[in-house]
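# Structural description and commentary
Listed here are the chains, written in short residue letters.
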Amino acid sequence: MSFTELPHTADVKIRACAPTLDALFSDALDALMQVMYGKDRKGRVSKEIDVESSDNEALLADFLSEILFISEVDRLVFSRADIRIAGGKLHAVLEGEPFDPSRHAGGSEVKGISYSGMSVTRDTNGYMLDIIFDV
Amino acid sequence: MIEGVKRIDTNEWEVPEGFIPGMRVPGRFFLSESLGESLEPGALQQLANVATMPGIIKNALAMPDIHWGYGFPIGGVAAFSLEDGVISPGGVGFDINCGVRLMTTPLSFADVSGRRDLVDQLFHAVPTGVGAKSSLKLSPRSLDAMMTTGARWAVENGYGVPRDLVRCEESGCMNGADTRHVSAKARQRGIPQGGTLGSGNHFLEVQVVREIFDPVAAEAFGIREGQVCCMIHCGSRGLGHQVCTDHVKLLEAATKKYQIKLPDRQLACAPLTSPEGREYFGAMAAAANYAWANRQMITHTTRQVLSTLFRIDYEDMPLVYDVAHNVAKFEDHVVDGKSMKVCVHRKGATRAFGPGSADIPPELSSIGQPVIIPGSMGTSSYILRGTETAMERTFGSTCHGAGRIMSRSQAKKRMSGKEVTENLLKEGIIVRAPHENAIADEAPGVYKPSDEVVRVVHDVGISRLVARLSPVGVIKG
């Protein structure tokens, strides 16, 4: 699990590297949650979601957009995810906890997941992701 | 200046056709030499990308607060022909009808200076920040009415006075809202957030008019030196974000269907004449109306606090104006000597209609539309007026703010929220936010100097300076 923040003036740009696509998406979720709610996130409840899209970039945008939606309406903060991707379909088992203002209010609300600046690339050792969160 | 860019005038630059393949028109942007030092190549690339879109008229434009966004650059403006042009959520943004309004009060600087109770009460009255919930329980029917009639719904439900509507762009309600194309998800997000400020660069400020540049216009706008005003900056919250997300996906399919070639997926678009294009417009207008109702509700809460604390009349706090700075609209403009209806996208740009325009309040017809340019926390905000030059050169548009020059992570490393708050207090500015990180993120110095941005639009003539305001109390989202 690793990601770094790259310089971006208006928004938040993240780079993540992982050996598999499943782990890469999991890192992207971790980055999104950290930007929004900080590092103190526990796994007390779990939730499963399924997403289907035309390609890896769309799958990532749709997955993270679904996370933004669930997080806001169910007031949940996710700590980790077990992700399985196959044939353009994603199944995720998410772990998280209810939003706690005393621990989770220090982040930035992410308005959306943009395709601008998004890339999922791969070489023999694994995958790399660049993504911009609109805050 | 970045290589390949041509200087047209002191503050005007051109991105020629051929800068990237597929450009249909040149890009034009307005920038002083000093602001040019912080111009990002990514922002110029995005301006050139806009110039490749079908049916674009004259130029892809950018205002002096241009910076790197997604889809259009921030500060971007483009008009599209109704016959062969397109509409794109990437030219509006996730925060549909993010905008700003200014309200005057009968109070003077001495009445509010050092009044921490005022800032505290406003902070407690207006829900702010990540995860903030409204105390209002909107019914699904009320949400629909809010999306259909915008600020008018708010006024009819006791959140303002009819005079407020006259002083909003579009009278606070865009025609053509079609709530059938607002998804169940967007509605679910919209219901608990009515009257909330949000986070990021959104704010509610108590400001004082420090300088008047144009006494005639200032008098017409109801502004005098030393007067206390309140400025509200926010948008359509989760509802608007979801409308954008949903329709980017729908329009991606449409882009393929109509065989439109684009250099950036975030520019996903559809012909204005297509069902997909019309559906996005209907949903976007509904989200824009939600945002107008939202700003109206926050105005109401602000008036209630001021009214109780200072024993002033609710009616003595009139609205100067309310502008949208993330929106696409059908407007009449003169193109090659002929008046025609076009679809103008403004992404981080403000409408700045000049004198005589039919779309501004009749009492301001000889002056031009009030333009409100928020500064960053602790720096000046400006009131300008729209001009004929804007009508001729920028489809009646001007800048929308200062534009960031420093990332949030750099900002946090440079100074803590606590330090920023203490420094601002030394200048007489009281800041409240749900968390100190929100203050560090938006500290003075992370934005371009707003004075320089407005000086450029004033010099180019696409809006003219009327007044300068500075904050004494800041509620950050």
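Here the structure is a predicted model, which means the values were calculated and not measured.

### So, the overall build of chain B
- A tally of regular secondary structure across chain B gives 16 helices and 19 strands.
- Expected size for 477 residues packed as a compact globule is a radius of gyration near 23 Å; at 21 Å, chain B falls within 12% of this value.
- Considered along the principal axes of its C-alpha atoms, chain B spans approximately 60 × 50 × 50 Å.
- For chain B, the residues scored as buried account for 65% of the 477 residues in total.

### Some remarks on the interface of chain B and chain A
- Opposite the 40 residues of chain B that make contact, chain A presents 38 residues.
- Its largest share of buried area at the contact with chain A, chain B owes to Trp 68, Val 130 and Arg 265 of chain B, together 21% of the area lost on that side.
- The interface formed by chain B and chain A contains 6 salt bridges.
- In this structure, the salt-bridge partner of Asp 55 of chain A is Arg 265 of chain B, at a minimum N-O distance of 2.9 Å.
- Of all elements in the fold, only β4 (60-70), α8 (184-190), α10 (237-257), α13 (408-414) and α15 (436-441) of chain B reach the threshold of two or more residues within the side of chain B that touches chain A.
- No other element matches the 8 residues that α10 of chain B contributes to the side of chain B that touches chain A.

### Some details on helix α2 (residues 56-73) of chain A
All names here are of chain A.
- Here α2 contains 18 residues, and its C-alpha end-to-end distance of 26 Å stays within 8% of the 26 Å for a straight helix at 1.5 Å per residue.
- Summarising burial for α2: 14 of the 18 residues are buried, a large majority.
- Once α2 ends, the next one or two residues include Arg 75, with phi positive near 50°.

### Describing the pattern of salt bridges
- Per the counting criterion, the structure on display carries 42 salt bridges over all chains.
- A salt bridge links Arg 115 of chain B to Asp 117 of chain B; the nearest nitrogen and oxygen atoms lie 2.9 Å apart.
- For Arg 115 of chain B, a relative accessible area of 27% gives the class partly exposed.
- On the accessibility criterion, Asp 117 of chain B (30% relative accessible area) is partly exposed.
- One connected set of salt bridges, linked through shared partners, spans Asp 40, Lys 42, Arg 44, Glu 97, Asp 100 and Arg 103 of chain A.

### Let's talk about the sheet that holds strand β4 (residues 76-86) of chain A
Residue and element names in this part refer to chain A.
- With antiparallel pairing, 3 strands are arranged side by side in an open sheet as β3-β5-β4. Two strands bound the open sheet, and with one partner strand each, they are β3 (45-52) and β4. Across the sheet, the mean angle from the axis of one strand to that of its neighbour is 20°, orientation sign disregarded.
- Where β4 meets strand β5 (residues 89-98), 10 bridges bridge the pair, whose relative direction is antiparallel. Within β5, the position partnered with Leu 76 by the bridge is Pro 98.
- Together, β4 and β5 form the strand contacts of helix α1 (residues 21-37), whose direction differs from that of β4 by roughly 165°.

### A short note on the packing of helix α5 (residues 140-149) of chain B against helix α11 (residues 275-310) of chain B
Residues and elements named next belong to chain B.
- Running from N to C, α5 and α11 point in directions that differ by 100°, and their axes come no closer than 6 Å. In terms of their interaxial angle, α5 and α11 are classed as roughly perpendicular. Contacts from Leu 143, Met 146, Met 147, Thr 148 and Thr 149 of α5 reach α11 at Ala 285, Ala 286, Asn 289, Tyr 290, Ala 293, Asn 294 and Met 297.
- Grouping the amino acids of the contact of α5 with α11 by side-chain chemistry returns 8 nonpolar, 4 polar and no charged.

### Side note on the pairing of strand β19 (residues 464-476) of chain B
All names here are of chain B.
- Within β19, 11 of the 13 residues are buried, which leaves it mostly tucked inside the rest of the structure.
- With 9 bridges joining them, strand β8 (residues 203-212) and β19 adopt antiparallel strand pairing. Bridging from a neighbouring strand, Val 208 pairs with Ser 470 of β19.
- Both strand β16 (residues 381-385) and β19 contribute to a ladder of 5 bridges, which runs antiparallel.

### What to know about the packing of aromatic side chains
- Scanning the entire structure with this criterion turns up 6 aromatic pairs over all chains.
- With a centroid separation of 6.3 Å and 25° between ring planes, the pair formed by Phe 25 of chain A and Phe 63 of chain A is classed as stacked. You can see Phe 25 of chain A sitting in helix α1 and its partner Phe 63 of chain A sitting in helix α2, a full 38 residues away along the chain. In this pair, the class of Phe 25 of chain A matches that of Phe 63 of chain A, namely buried.
- Summarising the aromatic geometry, the rings of Phe 281 of chain B and Phe 330 of chain B are spaced 4.7 Å apart at their centres and angled 55° between planes, so their arrangement reads as tilted. Of this pair, Phe 281 of chain B sits in helix α11 while Phe 330 of chain B sits in strand β12 (residues 326-335), and the two are 49 residues apart along the sequence.
- Look at Phe 330 of chain B and you get partly exposed, because its relative accessible area is 32%.
- Here the guanidinium or amino end of Lys 347 of chain B rests over the ring plane of Tyr 70 of chain B, the centre of that ring lying 4.1 Å away.

### Overview of the state of the cysteines
Residue and element names in this part refer to chain B.
- If you walk through the whole model with that rule in mind, you get 0 disulfides over all chains.
- Looking at the unpaired Cys 244, the closest cysteine sulfur is the one in Cys 98, lying at 13 Å.
- Owing to a relative accessible area of 0%, Cys 244 belongs among the buried residues under this scheme.
- For the unlinked cysteine Cys 399, the closest cysteine sulfur is that of Cys 98, found at 14 Å.

Conventions adopted
Residues numbered from 1 in each chain as written. Chains lettered and ligands numbered in written order. Predicted model: local features only at pLDDT ≥ 70, side-chain atom pairs only at ≥ 80, totals over all residues. Heavy atoms only, no water. Helix = DSSP H or I, 4+ residues; strand = E, 2+ residues; numbered from the N terminus. Rg over C-alpha atoms; globule rule 2.2 N^0.38 Å. Buried < 20%, exposed > 50% of the residue type's maximum accessible area, 1.4 Å probe, protein only. Contact = heavy atoms within 4.5 Å. Buried area = accessible area lost by both parts, 1.4 Å probe. Salt bridge = Lys/Arg side-chain N within 4 Å of Asp/Glu carboxyl O. Expected span 1.5 Å × (residues − 1). Pairing = 2+ DSSP bridges. Axes fitted to C-alpha atoms, helices over the stretch in contact; angles between N-to-C directions. Parallel < 35°, antiparallel > 145°, perpendicular 65-115°, else oblique. Nonpolar A, V, L, I, M, F, W, Y, C, P; charged D, E, K, R; others polar. Phe/Tyr/Trp six-rings, centres within 6.5 Å; stacked < 30°, edge-to-face > 60°. Lys NZ or Arg CZ within 6 Å of the ring centre and 35° of its normal. Disulfide = S-S within 2.5 Å.

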